[in-house]
Amino acid sequence: MCADRPKHPTLKATFAERAKSASHPLTNYLMRLMELKQSNLCLSADVTSARELLHMADKVGPSIVILKTHYDILAGWDYNPQTGTGAKLQSLARKHGFLIFEDRKFGDIGHTVQMQYTAGSARVIDWAHIVNVNMVPGKAAVQALAEAAAKWRSRVNYEVKTSVSENGAEENEDNGHLGTREMPAPGPYQRDNDGRKGSIVSITTVTQSFEPVDSPRFGSRIDEGDELVYAGIEEPPYERGLLILAQMSSTGNFMNEEYTQACVEAAREHKDFVMGFVSQESLNSAPTDSFIHMTPGCQLPPDGEEENGTVEGDGLGQNYNTPAKLVGLCGTDVIIVGRGIIKAGDPQAEAARYRDRAWAAYQKRISQ
Ligand code: 5BU
């Protein structure tokens, strides 16, 4: 299943060693976190409600280094930026020590993906450390997302201050993205005798400005007891990271070798934003490549049958391979597991089993 490529030095290096040469601060952080937690497991939390997602993240958090979401499949997602599901996930990420990866697969023109990433009701960039892009529209989408992330990063230490004034034009300065926004809100109207709307007698002005803050704006402490922070490593850097979708796990997908290589080239052009790939194997080939690889389509045979057991696809196009094959043979770094864990009778214990097997495969790979 994985191509017979020349062995790249990153296949033999430890994550601690690779952290040092990582070109992206979040990759450096993630690799150190992996060493600390002895985990290269990402849970794909494909449950059906936001409540289940938070429950699952709290239970499985100790075994994982990344939690992958599809926020648009969840019922009851709370969009409130301060107290909603994204902020709660951030709190759990801080408590257990994992990063959040929204598997959004952006795939449109640059301008649209920027808005999908930073705006709308979900404001993905606020709570997801990592997102991914489908490169079908071309490299411009990568450039556009990189620009959006840089802009977001430049204002992350500022918070929005809202003030309201009545009857009067408040002075406003336009300082670009750190400036003020004025939104006239409907004021009281005088009614004519027949009840029709008449002239405006007052104006309410809502002014929003960005003010510097010392403490992080995002990941606000939500619940009592949420002050818990995973020990042994600092909090992740504010930089956001991108994975390029270079290969898929599904039967008959159209991502051929030429497409995959174009993804690798795009990644090399944006090393300060692209952490690596969602792929089925390691794509590091140039001497200076130090990308990270994350791989879905992973399941284990039932406990006790691992030696000779095989794993069938899901009947809907998904193919499965074991951690030993994906990490050991194909050289991927992080396995992404969804139903293998969430459908198990005891997801917590099953996550620990996947963590053990994937970590053992990594250790075997670097020692060979
Ligand atoms: P599973 O339950 O372990 O099959 O879930 C796999 C997850 O990974 C699911 O969220 C998919 O959307 C995601 N995925 C995938 O399965 N295959 C791919 O090539 C890519 C993403 Br990209």
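In the block above lies the structure referred to throughout.
The structure contained in this document is the topic of the report that follows. Not measured: the values here are computed from a predicted model. (Residues numbered from 1 in each chain as written. Predicted model: local features only at pLDDT ≥ 70, side-chain atom pairs only at ≥ 80, totals over all residues. Heavy atoms only, no water.)

Side note on helix α7 (residues 140-154)
Alright, step 1. If you check α7, its first and last C-alpha atoms are 21 Å apart, about what 15 residues at 1.5 Å a residue would give, namely 21 Å.
Alright, step 2. Where α7 is concerned, the buried positions are A141, V142, A144, L145, A146, A148, A149 and W152. (Helix = DSSP H or I, 4+ residues; strand = E, 2+ residues; numbered from the N terminus. Expected span 1.5 Å × (residues − 1). Buried < 20%, exposed > 50% of the residue type's maximum accessible area, 1.4 Å probe, protein only.)

Considerations on unusual backbone geometry
Alright, step 1. The backbone of Q38 sits at a positive phi, close to 50 degrees, despite the residue not being glycine.
Alright, step 2. Along the polypeptide, Q38 turns up in the loop between α2 (25-37) and β1 (41-44).
Alright, step 3. The class for Q38 is partly exposed, based on a relative accessible area of 42%.

So, the state of the cysteines
Alright, step 1. For the structure shown, the criterion picks out 1 disulfide.
Alright, step 2. Disulfide pairing is shown between C2 and C330; the S-S distance is 2.1 Å. Taking the sign of the torsion about the S-S bond as the criterion, the disulfide between C2 and C330, at about -75 degrees, is left-handed. Taken together, the positions of C2 in the segment before α1 (15-21) and C330 in the loop between α9 (323-329) and β13 (334-337) put the pair 328 residues apart, joining distant regions of the chain.
Alright, step 3. On the basis of relative accessible area, C330 is assigned to the buried category, the value being 6%. (Disulfide = S-S within 2.5 Å.)

Some words on the packing of aromatic side chains
Alright, step 1. Applying the stated criterion to the full structure yields 8 aromatic pairs.
Alright, step 2. Considering the side-chain rings of Y71 and W127, the 6.2 Å spacing of their centres and the 80 degrees angle between planes classify their relative orientation as edge-to-face. In this pair, Y71 sits in the loop between β2 (66-69) and α4 (85-96) while W127 sits in helix α6 (residues 124-127), placing the two residues 56 residues apart along the sequence. Like Y71, the residue W127 is buried in the burial classification.
Alright, step 3. Centre to centre, the rings of W77 and W127 are 4.9 Å apart; their planes meet at 45 degrees, and the pair counts as tilted. With W77 in the loop between β2 and α4 and W127 in helix α6, this residue pair connects regions lying 50 residues apart in the sequence. Taken individually, W77 and W127 each receive the classification buried, so the pair is uniform in this respect.
Alright, step 4. Put simply, the rings of F15, W359 and Y362 touch in pairs and so form one group of aromatic residues.
Alright, step 5. Across the ring face of Y230, the terminal group of K37 is positioned such that the distance to the ring centre comes to 5.2 Å. (Phe/Tyr/Trp six-rings, centres within 6.5 Å; stacked < 30°, edge-to-face > 60°. Lys NZ or Arg CZ within 6 Å of the ring centre and 35° of its normal.)

Quick word on the packing of helix α3 (residues 50-60) against helix α11 (residues 347-367)
Helix packing geometry: the angle between the two helix axes and the distance between the axes.
Alright, step 1. For the pair α3 and α11, the least separation of the axes is 9 Å and the interaxial angle reads 50 degrees. When the interaxial angle is binned, α3 and α11 end up oblique. Judged by the sense of rotation from one axis to the other, the crossing of α3 with α11 is right-handed. Here α3 contributes M56, K59 and V60 to the contact with α11, which in turn contributes P347, Q348 and A351.
Alright, step 2. Across the contact of α3 with α11, the residue classes break down as 4 nonpolar, 1 polar and 1 charged. (Axes fitted to C-alpha atoms, helices over the stretch in contact; angles between N-to-C directions. Parallel < 35°, antiparallel > 145°, perpendicular 65-115°, else oblique. Left-handed = near helix turned anticlockwise from the far one by under 90°. Contact = heavy atoms within 4.5 Å. Nonpolar A, V, L, I, M, F, W, Y, C, P; charged D, E, K, R; others polar.)

Observations concerning the packing of helix α5 (residues 110-118) against α7
Alright, step 1. Put simply, α5 and α7 touch, their axes get as near as 8 Å, and they point 40 degrees apart. As far as their axial angle goes, α7 and α5 are oblique. Crossing hand, α5 versus α7: right-handed. Facing G110, V113, Q114, Y117 and T118 of α5, the residues of α7 in contact are A140, A141, A144, L145, E147, A148 and A149.
Alright, step 2. Residue composition of the contact of α5 with α7, grouped by class: 8 nonpolar, 3 polar and 1 charged.

Some points on the side chain of T260
Alright, step 1. Structurally, T260 can be placed in helix α8 (residues 257-269).
Alright, step 2. Ignoring sequence-local partners within four residues, the contact set of T260 consists of A246, Q247, M255 and L283.

With respect to the pattern of salt bridges
Alright, step 1. Counted according to the given criterion, the structure contains 18 salt bridges.
Alright, step 2. Measuring nitrogen to oxygen at the nearest pair gives 2.6 Å for the salt bridge that ties R32 to E234. In this pair, R32 sits in helix α2 while E234 sits in the loop between β9 (204-212) and β10 (241-245), placing the two residues 202 residues apart along the sequence.
Alright, step 3. For E234, a relative accessible area of 42% translates into the label partly exposed.
Alright, step 4. A salt bridge links R94 to E235; the nearest nitrogen and oxygen atoms lie 3.0 Å apart. With R94 in helix α4 and E235 in the loop between β9 and β10, this pair connects stretches of sequence that are 141 residues apart.
Alright, step 5. Since its relative accessible area comes to 35%, E235 is described here as partly exposed.
Alright, step 6. One network of salt bridges, with partners in common, ties together D303, E306, E350, R353 and R357. (Salt bridge = Lys/Arg side-chain N within 4 Å of Asp/Glu carboxyl O.)

Regarding the sheet that holds β2
Alright, step 1. The sheet built from 8 strands closes into a barrel, its strands ordered β1-β2-β3-β4-β10-β11-β12-β13 with parallel pairing. Adjacent strand axes in the sheet meet at a mean angle of 25 degrees, parallel and antiparallel pairs treated alike.
Alright, step 2. Pairing of β10 with strand β11 (residues 274-278) involves 4 bridges; the strand directions are parallel. Residue pairing in the sheet places L243 in a bridge with G276 of β11. (Pairing = 2+ DSSP bridges.)

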